[in-house]
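# Analysis of the macromolecular model
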Amino acid sequence: MAHRRLKQIVKGLTPPQQSIGVLRLGDISHEIYPAAEPSRLPHAEDVLLDTHDAYNLDNLHFMLQKYLLGQDVFLLSQPGPYARRLALTFYIGRLIFVRLINSEFELVALHRDVGETELKQGREIRLGGNLVYVDSAAVRAVKHGRVLILEGVEKAERGIMPVLNNLLENREINLDDGTHIVHPHRFALLDNEEASSSAFIPAHKNFRVIAIAAPVPPYPGYPLDPPFRSRFQARFVDPMGSLLALPPPQSKELQTDFYRKLRDIIMSTQIASESRHTLDAVARSTLPAFPQTSLAKAQALLSAFPAPASLSPEQLARLVLSLHPALIHSPFVAWAMLSHQFEDAGFGPLGNPNLSGDEDDAGLLGYRLARIEQVDSNTARIFFDAPSGDTVTHTVPAGPHPYLAFPFTNPEMLGFVPSARFMGLLSSLLQAHALGWDVSYVPPAMPSTASCSTSLLVRTFSGMLGYELEDVHMYKELGGRELIMRRKVAEGGATSWEPSPLIEGAWQGRLVHLSGMDVIGSTAGSLARLMQDREVELWEKKRIVRRLVDEDQGSPDLSVAHRSFRVISTASKSLPLKDWLSDEHANMFFPIAAQPMSPSEESHILLQTGCPAPVVNTLLAFADKYRAGMTSDAVQKNRKLGTRSLVRIAHRVARFPADDDLYTLLSRALLAEFLPATETMNLENIFEECGIKRRTPPFNPPAEVRDEGLFFPPATGTSTKDTRATIIPRFDTAQDPEGASHVPHMDHFYDNSLQTGLMRDLAIDFEVLGEHLVLLGNQGVGKNKVVDRLCQLLGRPREYIQLHRDTTVNQLMFQTVLENGVIKYTDSPLLRAITLGRVIVIDEADKAAEHVVAIFRSLAGHGQLTLADGRRVRETKERDSDLVVHPNFRLILLANRPGYPDAAFAAFLGNHFLQVLGDNFCCHAVTNPDMASERKLLSQLAPHLSEDLILRLVAAFQDLRKAYESGTVIYPYSLRGKIKQLLNLVRHMQAYPDDSLDAALRNVFDFDVYKPETIAKLASILDHHGLVVKNIGISAAREASQKKVLDVKFEPKDSTSLSEPKFGKVDPDNEAHTGGNTWAGGTGGRDSAGLGGRGGYMRLFSGHDVKQVSDALKNDVPDHIKERAREMARLELARRLEELNMSAGEAKGYGALYAAVEGHIASLHDLLENLAAREEERVWVKRQTDGELDDSRLTEGLTGEATVYKRRGMAKPELGRPQLKPKRIRFLFDVSASMYRFQYDGRLKRSMETAVMLMETFDRLTRKEKFVWDIYGHSGDSASIPLVEVGQELEIKDRWKVVDKMETITQYTFAGDYTLEAIDKAVTEIAQFDGDDWFVIAITDANFARYGITAEDLQRVMNRNPKVHTALICIGEGAEVSWIPKNLPGRGYRVADTADIPAVLRSILSTMVDQ
């Protein structure tokens, strides 16, 4: 008590701190005191809010109230900078809230990678090995009485924010260094010894917290933790107020008629979005609200570039998309609603949001770039020609390097075509730059278009302003902290941080190109403050501020971004726009909507390669049809046919005129070999429409190594013309003397025409045309062997890396070692290949995570790579530490066929790596050799086998491959399964001629013994080709066990006499019984039901080892007992059928339907099971306290952090994605009268088989709750006939009744058609279900002309609800309508052969659900 009294006396004698003024806001006043550390005050006065604005004052009044009450504040605001700036702005003049009350601030930008370390204390090792603890921003704030601003609370993962709960509630927290922060009142009560101890630190009485988050929902994010939420006083920031309050005061003087009308449209859209109906919100069919910064951008743009009297629809569309880029991917109805508003306002209608076909060279608002002048080393002057004829001049930041002169003095020497489209986009970029904004170049919503000149625009922009360009390539696991800084270990083992390329670029005034911004998702939000305010928190109290005041000069903690610093972000186009183009992204940048090349511009590009004009015209005609038919849902499935792919084909034809087989070249580019059945049908239709015909493959003689190089003799065949020999120069060993040991060596390679032709194509592509390659094919088709053989013939040194699911980006670049406490890196085979000019083979490229494979995109496309140690890979040396890509370096990626979910391919599904790679690689499909090549190969291997037997075996395995492709067997008997296994088969037959064919085939088919549908198909194929096989499958395995060398028989000791077949007694203990005739389920007995015995009438397995009686005893069964056993078996079958309420005829009928689709059932089941499993796929979960050491956090491990491990766990859904819910599916079958009348073509039977396929497949699923499905019919009497209801339990008899009902309805219904009504009703009904996805798949044989059904009618009902995916299968008369695939691209299918109905529906369902 005495000590406490003494402290009070001392406190009373201490002179009070001198006030520097009084803050008065309305009825509130507050004394202001000097700041202890002025450098922690805000430095961004020029971008803050207008303190004369009534809306801002109202918010600030509330915040001051809470501050004086000692309460923490939670600001709920739509994404954007307003809430953050509100937290810094206050009343008098342009002063700042925390500066005016002289409370310094700390700011934490939260994101998905923030952990406890970032909120409490980090660890560092100082020189000499001393471990120190570094306070986080939150701890510094509570110690020094600062305002802590937590921005982006909705992005922090669950369990992170509760770390601060005790600090918020009681102002107490335990720190890792052993100290304890306690409430100041509690600290005052401590005794002398406790108070003097450094273990207790009082929380400052002025410590406050301002949390900022977007409300969830409607915005994506994690909901607030209830205990965390309860610590705050909430304030909702009205979006209307923030829209109007963000622009600076001087810009509000802009009161043109154009601006007022535009402002009214933006505000009315905001109001409309708040009052929309719940169902409309779910369907996303309403017009979304404009981003928070849209009005500020409009004011800045119109102030710098006054609007002309009128704008064309195309110019209006470009302006709107710059203010509201999400409209690029919004439903067309939203665009139409907005266009109507613009017309009502007097602007006129909006143009096409795709901006296709616009050849205007004008930028935003019709301004055109006139010229650029250099003012000094960091400043340029840009002149724009206004639509009125005036010239508008802007002085802008620039780089120190020489400018690319404009106007272009010698356009033909530029290396690119400055088309009108290109100049219009470039003008738009320069206008955004003149406004002081960073730019986002947003790709089109259409999944496949001509080139948008993304990289070229960035490089031209950089060159015209003399910038040093810094390319930063994004990948999925890039954390928010890694975007800003990266760990470093000095020579002495001390740990520290160094700036990332982005921050280095900010300091040096570079143009930073953030490539692939879409792949990092919500993590991009951690850059919002840097993009919007040019401020960011760095490490250990360091930060970048907007400007320095006099007292900040010389401060080691403060720095400013260079005035020339700019950012351009671009997308990888591997993800749909809806997955990443959010309001937050739009608020960070000035979006410029990309515009693809027009056909004329693309044609000009292709003709420059020297390709003949007729070929170019055919290529463009094909590309136009193909791109138009690709839907946005296929962005991760189908190959895009970009301009780069067409240029590659044109180059090939120009250099090798004889290689003008466009069918082959285009099929190779699109990987047509691996397309689903439905896509293949559409592709063949396009080929037919464009007059591109398939040619007979030529014969390719074996290659020869000659003095002049690798010699490929001319190909021969009926379709070859003017073919010449191809000579590929061999590698000069003097260029890589140490590479001789890396040249592959193969003792045996069996030449065949197909693989020789493939090697010629590969050699031309990567040696002559300089392309990087991707080889795809089923497992074991010989991808590695072909590449190794080619490298051997060319003398090319080859490096090799095999990827797997755990491969990391760092492992591709380095081998990490820890020596004497210092982390060191050894170059990987990839870096060796890059620097020495070798071929690097990346095997199993589809097995690694997509973000790992993504690094090859920039490496192949631009020769760029950024390494973890700060070095860069570049095509030319720009900095001393750069690694230069050797001109001989080539990448060859090997992968299994793409993960199309069509056939029974689920076992081999990999990632969508092809979409991640884009068009930067030349693709080749490695397929199975033709029969002639196989026969030659096998004859070389086994010369003693007869030609006839070899021919039959080859033909049989060819049919097995076709059966796999059609989905009737689920294993691809390809080169390894079909040739390597076939090679092993003939080797066995030659080495052991006494073994039967049955025994030899077991080497291949024993994998399938428990797949009766596969065994039956195998038996059918073998029999078809005259290969006499008595038994395969289990029968063959059992028969083989009777060989004398393995002969083991059971000879019963007791009586073996037979009496009469019977069931036997059931043993309640289920003991094993051998011999005798008492117990049911025994083995090796007689009369009773069991296994391995004789004389019984049924098999019965009780789970025990089977003892088989000898064949002699088994065959020694009197005829009357055999007949009695057969009769009892028939009675038992009848009893079972009676239980099922089915007659023998019904069972036979259902069995026939089932047998016809047995293979399809297995394929579809495997696919759907795989999808459910993928949703629960285990991935590496980082920042764990146990598990395997994470090599990306080794430095943290040195400092003693606990969360340096990774563990396999469930993948968390992306931020904002809904919780995984069931997929809602409705199947609509045509049961009209015409189905029965014209059933001679099999349409009715095939439909019934398809229904069986669906019922059997969904019944077998282990996770039935993942799919909510039903089957309805439509006829001339009704648009909605229930066949299978949701959740209905279906026994076999019930399934038979469903298909029998389908047939019965067709017999008695009246003529007519309700296809449109059925689809319309189905879409409406399933849209009301709370699911993840919604699908309607309909079958119709309607005669559209007869019933007056038009393309517009079908489009109307199929597009009724944007969230419902629809597909229509037209059979019979419907299949004869040519406009179906054209007007319903990717959703309408003509099936002329009714036998294809099950396969097509399975393909559609597989493709739709795997999104």
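Check the entry above for the structure.
Below is a summary of the structure that appears in this document.

What counts, and at which threshold
- Residues numbered from 1 in each chain as written.
- Predicted model: local features only at pLDDT ≥ 70, side-chain atom pairs only at ≥ 80, totals over all residues.
- Heavy atoms only, no water.
- Helix = DSSP H or I, 4+ residues; strand = E, 2+ residues; numbered from the N terminus.
- Contact = heavy atoms within 4.5 Å.
- Pairing = 2+ DSSP bridges.
- Axes fitted to C-alpha atoms, helices over the stretch in contact; angles between N-to-C directions.
- Phe/Tyr/Trp six-rings, centres within 6.5 Å; stacked < 30°, edge-to-face > 60°.
- Buried < 20%, exposed > 50% of the residue type's maximum accessible area, 1.4 Å probe, protein only.
- Lys NZ or Arg CZ within 6 Å of the ring centre and 35° of its normal.
- 1 Å grid on protein atoms, 1.4 Å probe; cavity = no way out; pocket = protein on both sides within 12 Å on 5 of 7 lines; lining within 4 Å.
- Points joined across faces, edges and corners; volume = space filled by probe spheres on them.
- Nonpolar A, V, L, I, M, F, W, Y, C, P; charged D, E, K, R; others polar.
- Left-handed = near helix turned anticlockwise from the far one by under 90°.
- Polar contact = N/O pair within 3.5 Å; in protein donor to acceptor, adjacent residues only side chain to side chain.
- Salt bridge = Lys/Arg side-chain N within 4 Å of Asp/Glu carboxyl O.
- Parallel < 35°, antiparallel > 145°, perpendicular 65-115°, else oblique.

### Notes on the environment of Ala450
Here Ala450 lies in the loop between β16 (439-442) and α18 (454-464). Residues Ala450 and Arg627 lie 177 residues apart in sequence; the distance between their C-alpha atoms is 8.6 Å. The residues contacting Ala450, other than those within four sequence positions of it, are Pro596, Met597, Glu602, Arg627 and Thr643.

### Let's talk about the sheet that holds strand β24 (residues 566-570)
Across the sheet, which stays open at both edges, the five strands sit in the order β17-β20-β24-β16-β25 with parallel pairing between neighbours. The strands lining the two open edges of the sheet, one partner per strand, are β17 (469-473) and β25 (590-593). Taking the axes of each pair of neighbouring strands and ignoring which way they run, one obtains an average angle of 20 degrees across the sheet. Sheet topology places β17 next to strand β20 (residues 511-515); five bridges connect them, and they run parallel. Bridge assignment links His473 to a residue of β20, and that residue is Ser515. Here helix α20 (residues 501-508) sits on the sheet in contact with β17, β20 and β24, set at roughly 160 degrees to β20.

### Describing the packing of aromatic side chains
What the rule picks out here adds up to 16 aromatic pairs. Summarising the aromatic geometry, the rings of Tyr663 and Phe687 are spaced 4.4 Å apart at their centres and angled 35 degrees between planes, so their arrangement reads as tilted. With a gap of 24 residues between them, Tyr663 in helix α26 (residues 662-670) and Phe687 in helix α27 (residues 677-690) connect regions that are remote in the sequence. For the residue pair Tyr663 and Phe687, the accessibility class agrees, reading buried in each case. Three or more aromatic residues link up through ring pairs in this structure, and these residues are Phe622, Tyr626, Tyr663 and Phe687. The lysine or arginine in question, Arg652, covers the ring of Phe656, its NZ or CZ lying 5.9 Å from the ring centre. The cationic tip of Arg1226 hangs over the ring face of Tyr1272; the distance from NZ or CZ to the ring centre is 4.0 Å.

### Regarding empty space enclosed by the protein
Taken as a whole, this structure holds eleven cavities of 30 Å³ or more when the rule is applied. In this model, the largest cavity occupies a volume close to 710 Å³. Along the walls of the largest cavity sit 35 residues, with Glu118, Arg481, Met485, Glu537 and Leu538 positioned nearest its centre. Of all the secondary-structure elements, those providing two or more residues to the lining of the largest cavity are β4 (105-109), α5 (116-119), β5 (121-126), β6 (130-135), α6 (137-144), α19 (480-484), β18 (485-489) and β21 (536-537). For the lining of the largest cavity, the class distribution of residues is twelve nonpolar, seven polar and 16 charged.

### As for the packing of helix α28 (residues 753-768) against helix α29 (residues 783-794)
Helix-helix packing is characterised by the crossing angle of the two axes and by the distance between the axes. Two numbers describe how α28 lies on α29: the axes approach to 10 Å, and their chain directions differ by 65 degrees. As α28 runs across α29, the sense of the crossing is right-handed. Every residue of α29 that contacts α28 at Gln755, Leu758, Met759, Leu762, Ala763, Phe766 and Glu767 is listed here: Val786, Arg789, Leu790 and Leu794. Partitioned by chemical class, the residues of the contact of α28 with α29 number eight nonpolar, one polar and two charged.

### A few points about the sheet that holds strand β9 (residues 180-182)
Spatial ordering of the open sheet is given by β8-β9-β10, a layout of three strands whose pairing is mixed. Unpaired on one side and paired on the other, β8 (173-174) and β10 (200-202) mark the two borders of the sheet.

### Brief notes about α20
Taken together, the buried positions of α20 are Pro501, Leu502, Ile503, Gly505 and Ala506. After α20 finishes, the residue Gly509 shows a positive phi value of roughly 75 degrees.

### A look at the side chain of Asp919
Structurally, Asp919 can be placed in the loop between α34 (913-917) and β38 (922-925). Polar contacts involving the side chain of Asp919 include one to the side chain of Ser645, which spans 3.3 Å. Beyond its immediate stretch of four places on either side in the chain, Asp919 contacts Arg639, Lys640, Leu641, Gly642, Arg644, Ser645 and Arg648.

### Section: unusual backbone geometry
With an omega dihedral of 5 degrees, the bond running from Phe406 to Pro407 counts as a cis peptide bond. Despite not being glycine, Arg171 has its phi angle at roughly 60 degrees, a positive value. Note that Arg171 resides in the loop between α7 (165-170) and β8. Given the relative accessible area of 10%, Arg171 is considered buried. Located in the positive-phi region is Glu844, a residue other than glycine, with phi close to 55 degrees. Turning to its location among the elements, Glu844 is positioned in the loop between β33 (839-843) and α32 (850-853). By relative accessible area, Glu844 is classed as partly exposed at 24%.

### Considerations on the pairing of strand β13 (residues 368-376)
The pairing of β13 with strand β14 (residues 379-385) spans seven bridges and is antiparallel. Within β14, the position partnered with Glu373 by the bridge is Arg381. The turn joining β13 and β14, which pair antiparallel and follow one another in sequence, is formed by two residues.

### Focus on the pattern of salt bridges
Going through the model one piece at a time under the given rule, you end up with 68 salt bridges. For the salt bridge of Arg263 with Asp264, the shortest nitrogen-to-oxygen distance reads 3.7 Å. Overall, the relative accessible area of 21% leaves Arg263 in the partly exposed class. In this structure, the salt-bridge partner of Glu799 is Arg832, at a minimum N-O distance of 3.0 Å. Here the residue Glu799 occupies a position in strand β30 (residues 798-802), and Arg832 occupies one in helix α31 (residues 829-836), the gap between them amounting to 33 residues. What emerges from the salt-bridge pattern is a single network uniting Glu37, Arg40, Glu104, Glu106, Arg140, Arg146, Arg529, Glu535 and Glu537.

### What about the environment of Ile764?
On the secondary structure map, Ile764 appears in helix α28. The spatial distance from the C-alpha of Ile764 to the C-alpha of Thr726 is 8.7 Å, given a sequence separation of 38 residues. Aside from chain neighbours lying at most four places away, what touches Ile764 is Arg652, Phe656, Asp659, Thr726, Ile728 and Leu769.

### Description of the packing of helix α47 (residues 1243-1260) against helix α48 (residues 1292-1308)
At their nearest, the axes of α47 and α48 sit 10 Å apart, and the two run at 155 degrees to each other. Taken together, the axes of α47 and α48 are roughly antiparallel relative to one another. The element α47 and its partner α48 pack so that their crossing is right-handed. For the pair α47 and α48, contact is made by Leu1244, Ser1247, Met1248, Ala1251, Val1252, Met1255, Glu1256 and Asp1259 and by Arg1295, Val1298, Val1299, Met1302, Glu1303 and Thr1306, respectively. Grouping the amino acids of the contact of α47 with α48 by side-chain chemistry returns eight nonpolar, two polar and four charged.

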